[in-house]
Each structure stands twice: as C-alpha cells, then as structure tokens.
Amino acid sequence: MTNEYLLNIYENVKQKDKNEPEFLQAVYEVLNSIEPYVNEHPELESAGVIERFVEPERLITFRVPWVDDNGKVHVNRGYRVQFNSAIGPYKGGIRLHPSVNPSIMKFLGFEQTLKNSLTGLPMGGGKGGCDFDPRGKSDLEIMRFCQSFMTELFRHIGADTDVPAGDIGTGAREIGYMFGQYKRLKNEWTGVLTGKGLSYGGSIGRTSATGFGLCYFTNKMLEVMKNTTLEGKKVIVSGSGNVGIYAAIKAKELGATVVALSDISGYVYKESGIDLDLAREIKEAKRGLLSEYASIDKDCTFNPNPKLMWQVKCDVVLPCATQNEIDLEDAKAFVKNGVIAVAEGANMPCTLEATNYIIENKIAFAPAKAANAGGVMVSGFEMSQNSMRLAWTFEEVDEKLKAQMESIFMEVHECAKHYDNMYNTVLGANISGFKKVAAAMLAQGVC
C-alpha cells in the first residue's frame, strides 16, 4: 500500500483500535486491495469516504444477565455493531461464543458490509454476538439467555433498521427464542430476524445456503480459472457446523469426494470418503463431536489435532470453521500437495500471509466475503418473502442461490482481470463490493 491517503487512514485506525487485531487485519487487507480503485477516484478523498467507511456507525454494548437451572445468576456481555447502512438496513448474524469481543464484532461487521454489497441486494452491514457459550447448556438455560439478550437488543433492531440472523452458536433454536421475545416485547410480527423456522416465516434452504453457495461459487471458479469442476476432486473441509456440513454435502453432490472433516475435537480422514449422513446425524441431531464419528466408522482415522488436517493431500480446501485457521505454513503445504483451489466458507479463515502466498502460487482462491455470501443472500430472500407474505419452494431458492453465486464469481473475476491479476480475487471482491457502498455514501452526503 503506497497511497498516502490510505496509509494515513490505516495509521489512524491503528492508533484508535490498537487492541483490536482482527479488525486491524481486515481493514489493512481491504484498504490495500482497493488502492487501485481509490487512485482512480480522487473524489473519495475529498468527500472523506474512506474515513467514514472504516468507522462503524454504531457500536452497542450491553450486559446479559440470565439464570441457570440451579438458580445461579450469570452475566455475559452482548454486542451489536451497526457498521454501514449506505445501501440498506444493517444485516448480519449473531455469534454466541466465548471468543466474542469488540475486535471480532467490528471485523465481522466490516466484512459483512462488503459481502452484502456483493449480493446485489439492498442490505447494509452489521454483526452482533455475546461471549456466552451455548455448549452444555439446557434448552431452558438457552431460552433464558436468549430472552435476556433480546430484551436489550430489541430496541436497536427492526425490519427496516437492522435484521440479525444466525451465526456460530446461533441456530434455529436460538433464533426461535429470540424471535419469540422480540414479538412479545414489540407486540408485532415482523421479519426482524432471519433463519427462522419454516412454521413461522423462515425460508426453506436457509440452513444449507452458505455451504451450498460456497460450492456453487467454487465450481464456477474451477470452471473458469482451471478448466475443470469439483467432479472427481478430493476435498477437505474444516468445521462441521452448518457451513462445513452442507459444503461437504454439496461437494459430494457435485461429484467430489470429501476425504477429511474437522471440528474442535480433531479431524477424521477416510480415503474413500467420509460418511456425511453419519457426520450430519452426530453434529445436528446429537450435537456431538467427530471423535464420536471415529468410534462408529472403523474405516476412518482420527487425529485429535485439527490443525494437522491441512497436511492432508487433496485438490480443494474448504475452510469453514473460524478466522485465521490457515497460516503461511499451511498455505505452503497446499502448494506442495498440489491443491488447485481454496475457498473460504468461514470469515477470514486465512491469514493475510497465507492468502498472499496462495494467490502468488496461482491457486484459485475464493475470498470469504464473496464465496460465503450464500447465507446472507438467502436471508435476503427470507426478508423478501416475509415482506410479501410468500414462501418460495426449495427449488426456487436453490436456483436463485446458484445463479447469484455464479454471478458474484464472474463480477469478482472480471474486476480482478480489469486490474491485470485474475488470480487476485481478494482485490476483485473488495473493489466490487466497495464501489457500490462508496457510490451510495457519496450520493447521501456526509452522514
């Protein structure tokens, strides 16, 4: 990054947010990649667009008291980052995980702004969460927590203001409890949350959307950039929540063999392919771990260190767990093992050094803000269905999802080619998303 304007902005962000490494990492990556576009548009500097773009419009912090089954009171800290509303109401998930902090919330809200722009739907960027751990909690404890969380959050959200969704730790159960409390407090039924159950306004296909969309994007990327497809490829997938499980399922449907799958307990490897029905049953129905899968499928091998999965020889890597799970050494292993594509299902799972190494070695790379946009895209579909009081079929939703994900890839690819580096899809995605947000911010004046 050599543009003085961008360098000064980044230094200012570093001074103000020096204790927020995830946010700083995201800001540097984006500012670095949009530099060619900023150089072409001096009006961005004169209007102070970038200064406003890297500062969230609102950061809300609140306490969340709840009572466990033994009558003990616990207090967690909740957040909602309303990052940018230039192109629509804030939209982004609620993450329930002990790691949640302001840096991660701001990083996710910042990335969400660009991701939502890429979908082509009128949605701004936001994110929320709490340092609450839902694992090991009873349904009643989850309900009490969700009700307490929504008792504060409800005053800051709305169908035309801010529409949260699920994320890590926040599935259909949690969304249901939160929606029920919102309805109770506001005395209205509105599409204020997405990821709802099908019996009360949810969109069919939402649970699988991020994973399916990731594979549609990856398949198109392989077709255009490598003159092949997922068919016949060996794939490894990290994370076995909704994104990982459904990415694995769709990869198999498209003809790939998923040879390794991981979660926090470790990873399982099976040369002939993981039994995805069994893995899904353990993860979804039993809320179990893959170590249990290994005790049932005697033909697989299990390693308690999920990090070592990146050494497994394969063709395509789908990191779907969490941020910064792939570092430079892992990226070097991909090159050594002949990997032809890495597609991010999680948010920023590759460090900046790993990303640069992957791109430099001409591995087809699908950055998260483009490749995992399927979830928020179907959330946008859910918002539309709620507004129209309609329900689309799975085939309708999936067809729209596939078409939009392929369209996003082509937009990103053409943008990267325009700047003479078709493998730099990070640049393509960031510029494609940013220029829409910037145009809206310029049109709306200083606000």
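Residues numbered from 1 in each chain as written. Predicted model: local features only at pLDDT ≥ 70, side-chain atom pairs only at ≥ 80, totals over all residues. Heavy atoms only, no water.

1. Remarks on the overall build of the protein chain
Along the protein chain, the regular secondary structure elements total 18 helices and 12 strands. Relative to the 2.2 N^0.38 estimate, which gives 22 Å for 447 residues, the radius of gyration of the protein chain is 21 Å and therefore close to what a compact globule would have. Its C-alpha atoms give the protein chain principal-axis dimensions of about 60 × 60 × 45 Å. Out of the 447 residues in the protein chain, the part that is buried amounts to 58%. When contacts within the protein chain are restricted to residue pairs at least 6 apart in sequence, those whose partners lie at least 24 apart make up 71%. Per element, the accessible surface of the protein chain, about 17600 Å² overall, is 49% carbon and sulfur. The distance from the centre of the 48 positive side-chain charges to the centre of the 55 negative ones in the protein chain is 4 Å. (Helix = DSSP H or I, 4+ residues; strand = E, 2+ residues; numbered from the N terminus. Rg over C-alpha atoms; globule rule 2.2 N^0.38 Å. Buried < 20%, exposed > 50% of the residue type's maximum accessible area, 1.4 Å probe, protein only. Contact = heavy atoms within 4.5 Å. Areas by Shrake-Rupley, 256 points an atom, 1.4 Å probe, with all protein chains shown as cover. Lys, Arg positive; Asp, Glu negative; His and termini not counted. Charge placed at Lys NZ, Arg CZ, Asp CG, Glu CD.)

2. Here we look at the packing of helix α10 (residues 242-253) against helix α11 (residues 276-285)
Viewed as axis vectors pointing N to C, α10 and α11 meet at an angle of 165°, and their least axial separation amounts to 11 Å. As far as their axial angle goes, α11 and α10 are roughly antiparallel. In this structure, α10 crosses over α11, and the sense of that crossing is left-handed. The segment α10 lies against α11, with Asn 242, Ile 245, Tyr 246, Ala 248, Ile 249 and Lys 252 engaging Leu 276, Ala 279, Arg 280, Lys 283 and Glu 284. When its residues are assigned to classes, the contact of α10 with α11 shows six nonpolar, one polar and four charged. (Axes fitted to C-alpha atoms, helices over the stretch in contact; angles between N-to-C directions. Parallel < 35°, antiparallel > 145°, perpendicular 65-115°, else oblique. Left-handed = near helix turned anticlockwise from the far one by under 90°. Nonpolar A, V, L, I, M, F, W, Y, C, P; charged D, E, K, R; others polar.)

3. Topic: the packing of aromatic side chains
According to the stated counting rule, one finds 17 aromatic pairs in the structure shown. Taking 5.3 Å as the distance between ring centres and 85° as the angle between the ring planes, the aromatic pair formed by Trp 66 and Phe 132 counts as edge-to-face. One end of the pair, Trp 66, is in strand β1 (residues 58-67); the other, Phe 132, is in the loop between β4 (124-130) and α7 (139-153), and 66 residues separate them in sequence. Across the pair, Phe 132 and Trp 66 agree in class, each one buried. (Phe/Tyr/Trp six-rings, centres within 6.5 Å; stacked < 30°, edge-to-face > 60°.)

4. Overview of a nonpolar patch on the surface
Residues Val 67, Val 73 and Val 75 make up a contiguous nonpolar surface patch of about 250 Å² in total accessible area. Structurally, Val 67 can be placed in strand β1. (Patch = residues over 30% accessible without salt bridge, like charges linked within 9 Å, V, L, I, M, F, W, Y side chains within 5 Å. Salt bridge = Lys/Arg side-chain N within 4 Å of Asp/Glu carboxyl O.)

5. As for the sheet that holds strand β2 (residues 73-84)
Pairing is mixed in the open sheet, where five strands are placed in the order β1-β2-β4-β3-β5. A single partner strand is all that each edge strand has here, and the edge strands are β1 and β5 (162-165). Each strand axis lies, on average, 20° off the axis of its neighbour in the sheet, ignoring direction. Sheet topology places strand β3 (residues 90-96) next to β5; four bridges connect them, and they run parallel. By the bridge assignment for β5, Lys 91 is matched with Val 163. (Pairing = 2+ DSSP bridges.)

6. A look at the pattern of salt bridges
Applying the stated criterion across every chain yields a total of 27 salt bridges. Salt-bridge contacts for Lys 16 lead to Glu 55; the nearest nitrogen and oxygen are separated by 3.1 Å. Of this pair, Lys 16 sits in helix α1 (residues 4-16) while Glu 55 sits in the loop between α5 (49-53) and β1, placing them 39 residues apart in sequence. When its relative accessible area of 37% is taken as the criterion, Glu 55 is described as partly exposed. Here Arg 95 ties to Asp 167 by a salt bridge, and the two come within 2.6 Å at their closest N and O atoms. A residue pair is termed long-range when its members are at least 10 positions apart, and Arg 95 in strand β3 and Asp 167 in the loop between β5 and α8 (172-186) qualify at 72 residues. The network of salt bridges with common partners includes Asp 17, Glu 20 and Lys 106.

7. Topic: the side chain of Gln 323
Structurally, Gln 323 can be placed in the loop between β10 (316-319) and α13 (328-337). Gln 323 gets classed as buried once you look at its relative accessible area, which sits at 13%. Excluding its chain neighbours within four sequence positions, the residues that come into contact with Gln 323 are Arg 95, Ile 104, Phe 107, Asn 347, Met 348 and Pro 349.

8. So, the side chain of Thr 170
By the element assignment, Thr 170 lies in the loop between β5 and α8. For Thr 170, a relative accessible area of 6% translates into the label buried. Reaching out from Thr 170, the side chain makes a polar contact with the backbone oxygen of Ile 94 at a distance of 2.7 Å. With residues up to four places along the chain from it excluded, the contact list for Thr 170 reads Ile 94, Arg 95, Leu 96, Ile 175 and Met 178. (Polar contact = N/O pair within 3.5 Å; in protein donor to acceptor, adjacent residues only side chain to side chain.)

9. Points about α10
Given a rise of 1.5 Å per residue, 12 residues ought to cover 16 Å, and the 16 Å separating the end C-alpha atoms of α10 matches this to within 8%. Every buried residue belonging to α10 is among Gly 244, Ile 245, Tyr 246, Ala 247, Ala 248, Ile 249, Lys 250 and Ala 251, and all of these are buried. Where α10 ends, the next residue or the one after it, Gly 255, has phi of about 100°, a positive value. (Expected span 1.5 Å × (residues − 1).)

10. Examining the sheet that holds strand β11 (residues 341-343)
Spatially, β9-β8-β7-β6-β10-β11-β12 is the arrangement adopted by the seven strands of the open sheet, whose pairing is mixed. The sheet terminates laterally at β9 (301-303) and β12 (364-366), the two strands that pair on one side only. Taken over all neighbouring pairs, the strand axes of this sheet differ in orientation by 15° on average, direction set aside. Where strand β6 (residues 234-238) and strand β7 (residues 257-263) come together, four bridges link them in parallel fashion. Within β7, the position partnered with Lys 234 by the bridge is Thr 257.

11. Some remarks on the packing of helix α9 (residues 206-226) against helix α17 (residues 394-418)
Helix-helix packing is described using two parameters, namely the angle between the two axes and the distance between the axes. In the contact formed by α9 and α17, the axes pass within 9 Å of each other and the chain directions differ by 45°. When the axes of α9 and α17 are compared, the pair comes out oblique. The interaxial crossing formed by α9 with α17 has right-handed handedness. Counted together, Ser 208, Ala 209, Phe 212, Gly 213, Tyr 216, Phe 217, Lys 220, Met 221, Val 224 and Met 225 of α9 and Phe 394, Asp 398, Leu 401, Lys 402, Met 405, Glu 406, Ile 408, Phe 409, Met 410 and His 413 of α17 form the full contact between these two elements. By residue class, the composition of the contact of α9 with α17 is 13 nonpolar, three polar and four charged.

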